[in-house]
Amino acid sequence: MDFSIKAYDTKNTIASAKTGCVAVAVFENKQLSQAAQALDASGEITAALKSGDLTGKPGSTLLLRGVTGVAAARVLLVGLGGQDAIGEKNFASAVTATLKVFASLGATDAIIALPLADVKERDSNWGVRCIVGTAHESVFRTDAQKSKKDPAPNGVRKLTIAAPAGAQLKTALAQAIAIANGMDLTKELGNLSANVCTPTYLANVARKLAADYRFEIEVLERKQLQALRMGSFLSVTNGSEEPPKFIVLKHMGGKPKDAPVVLVGKGITFDSGGISIKPGAAMDEMKYDMCGAASVLGTFRALGEMGLKINVIGIVAACENMPSGRATKPGDIVTSMNGLTIEVLNTDAEGRLVLCDALTYAERFNPAAVIDIATLTGACIVALGHHNSGLFTRADAAHEKLAAELLAAGKQAGDTAWRLPVEEAYNEQLKSNFADLANIGSPGGASVTAACFLENFTRKYTWAHLDIAGTAWKSGGAKGATGRPVPLLSTFLINRS
Ligand code: BES
Ligand code: MN
Ligand code: ZN
């Protein structure tokens, strides 16, 4: 999909725009939006509404051809619901309905002229992102591993967004496209099978990104990880034939001395559970256990495209979690990079074992903030379902501020998170008889004890943890990666730049 944005005015009217289709909004009370009025010199739109052919309900549509006085071949009337205070849900369903019709047209180019500036509690930037995000999603295909590719989408390929007069939306459009492209990468990686999307594959994707966008990159191999004493991370790789990769990407868009934001992604390219093996049902879905890593790579793609003036470091800790004669066993005690010993009571609680060493590694960057992103616990799906990512931070002033920033970015991007606690009291549950820490807690609050485990390794900087187990993909018939939380992370970085 090719996007552009254009302001129409009295000289350069929307009625005189030559295009395959113009989509304009109408309301439930049969009133016309401004753009619809501008196309109704002949009264044909009013007449169509009077006929009762269109309810104006959100997402209802009516296609007219050859409207007198309109240069476009077609006019698409789209219902937006109630006229005052347009709700964002109504706007989003109008956009979805518009794109669905556009995909079925003989035309290849179109204008979408919806009232971007009139959505309740949202600005035009949001409207632009809504349109671009929905359009991207509508043409996204997961056929990389199919011998017969899905048919190319039909219909409109060139979409012009009509901007409200005087609005400066060029940057918003560029950002919306960058975020959508970043999400595409995250989805592609999440959907690839684990025999293809290995740690080595992720490292190669990162190298390609570095080449495309001039990021600095370093890929640490097993020997280097041993020298760094990442005993916890390495214990997870013991059962696997695939070599681990520890990927460090640097986007130094800010001043050289500005403290960077560090993003740390869990990159378990397959989580069998290890010796504490998972049940067979839906085990295929554990190829998605690298979605934290994929969201770091996707966010870097967006960052590179936007060229944000901010320093960001991405860390991807990638390996497989497999059973074998060499695999870590329940009860094994390992020493993490920061010296804490960990009793591995359950080899399926591997994400925290990988992340703790990556979080210790992050100290060397004197970060402004560190955010880890992980499909960490099934319990997070129990707690929050698939709507919100779990957000965990400590509760002092600096962390309250970081949490507020992340929650706000999520709201702004339509990629929301919900806060859950990190408190000393939960550390009780992680006591081990034989080591400094156990890798699982006593029953109850498994997402919280997982976050509290990580907290032990983050005391030298401001830190937030996003548990994306429920938001990174959808199960069921349309199963696949969602690209979340790339919008949240990208928006957070935009706001900070
Ligand atoms: N990758 C899983 C978490 C997960 C489960 C993500 C389901 C998405 C869907 C993680 O490594 C894991 O296995 N966690 C265990 C922790 C438990 C052993 C304390 C879990 O959630 O069951
Ligand atoms: Mn696991
Ligand atoms: Zn896992």
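I will try to describe carefully the structure that is included in this document. (Residues numbered from 1 in each chain as written. Chains lettered and ligands numbered in written order. Predicted model: local features only at pLDDT ≥ 70, side-chain atom pairs only at ≥ 80, totals over all residues. Heavy atoms only, no water.)

## Re the sheet that holds strand β10 (residues 311-321)
- Spatially, β7-β8-β10-β9-β13-β17-β14-β15 is the arrangement adopted by the 8 strands of the open sheet, whose pairing is mixed. The sheet terminates laterally at β7 (216-220) and β15 (417-420), the two strands that pair on one side only. Direction aside, the axes of adjacent strands within the sheet are offset by 20 degrees on average.
- Looking at chain direction, β7 and strand β8 (residues 245-252) are connected through 5 bridges and run antiparallel. Within the sheet, the bridge partner assigned to E218 lies in β8 and is V248.
- Helix α10 (residues 351-361) rests against β7, β8, β9 (261-271), β10, β13 (369-374) and β17 (463-467) of the sheet, and its axis sits at about 155 degrees to β9.
- Sitting on the sheet, helix α14 (residues 446-455) is in contact with β13, β14 (389-392) and β17, with an inclination near 145 degrees to β17. (Pairing = 2+ DSSP bridges. Helix = DSSP H or I, 4+ residues; strand = E, 2+ residues; numbered from the N terminus. Axes fitted to C-alpha atoms, helices over the stretch in contact; angles between N-to-C directions. Contact = heavy atoms within 4.5 Å.)

## Some thoughts on empty space enclosed by the protein
- Within this structure, the stated rule accounts for 1 cavity of 30 Å³ or more.
- Its volume calculated, the largest cavity comes out at about 70 Å³. (1 Å grid on protein atoms, 1.4 Å probe; cavity = no way out; pocket = protein on both sides within 12 Å on 5 of 7 lines; lining within 4 Å. Points joined across faces, edges and corners; volume = space filled by probe spheres on them.)

## Points about the packing of aromatic side chains
- Going through the model one piece at a time under the given rule, you end up with 8 aromatic pairs.
- When the centroid spacing of 5.7 Å and the interplanar angle of 55 degrees are considered together, the rings of F91 and W126 count as tilted. With a gap of 35 residues between them, F91 in helix α3 (residues 88-103) and W126 in helix α4 (residues 124-139) connect regions that are remote in the sequence.
- Here F91 falls in the buried class, since its relative accessible area comes to 0%.
- Note on F233 and F246: the rings are 6.2 Å apart at their centroids and 55 degrees apart in plane angle, and the pair reads as tilted. Of this pair, F233 sits in helix α8 (residues 231-237) while F246 sits in strand β8; the two residues are 13 residues apart in sequence, bridging distant segments of the chain. Across this residue pair, the class does not change: F233 and F246 are buried.
- In this structure, K187 is placed above the aromatic ring of F140, and the distance from its NZ or CZ to the ring centre is 4.3 Å.
- Over the aromatic face of Y288 sits the side chain of K287, whose NZ or CZ is 5.6 Å from the ring centroid. (Phe/Tyr/Trp six-rings, centres within 6.5 Å; stacked < 30°, edge-to-face > 60°. Buried < 20%, exposed > 50% of the residue type's maximum accessible area, 1.4 Å probe, protein only. Lys NZ or Arg CZ within 6 Å of the ring centre and 35° of its normal.)

## Some thoughts on the pairing of strand β2 (residues 21-26)
- Counting buried residues in β2 gives 6 out of 6 residues, a clear majority hidden from the surface.
- Sheet topology places β2 next to strand β4 (residues 74-79); 6 bridges connect them, and they run parallel. Residue pairing across strands places A23 opposite L76, the latter belonging to β4.
- Relative to strand β5 (residues 109-113), β2 runs parallel, the two sharing 4 bridges. Counted as the bridge partner of V24 is A113 from β5.

## Focus: the coordination of the zinc ion (ligand 3)
- Within the protein, the atoms that donate to the zinc ion (ligand 3) are K266 (NZ), D271 (OD), D289 (OD) and E350 (OE), at distances of 2.0 to 2.4 Å.
- Because the angles between the 6 donor atoms bound to the zinc ion (ligand 3) fall within 78 to 175 degrees, the donor set is best described as octahedral.
- Donor residues for the zinc ion (ligand 3), ordered by position in the chain, follow K-x4-D-x17-D-x60-E.
- The distance between the zinc ion (ligand 3) and the manganese ion (ligand 2) comes to 3.1 Å, and D271 binds to both of them. (Donors = N, O, S within 2.8 Å, 3.2 Å for Na, K, Ca; no water. Tetrahedral: all angles 85-135°; square planar, octahedral: opposite > 155°, others 65-115°.)

Structural measurements only, silent on function.
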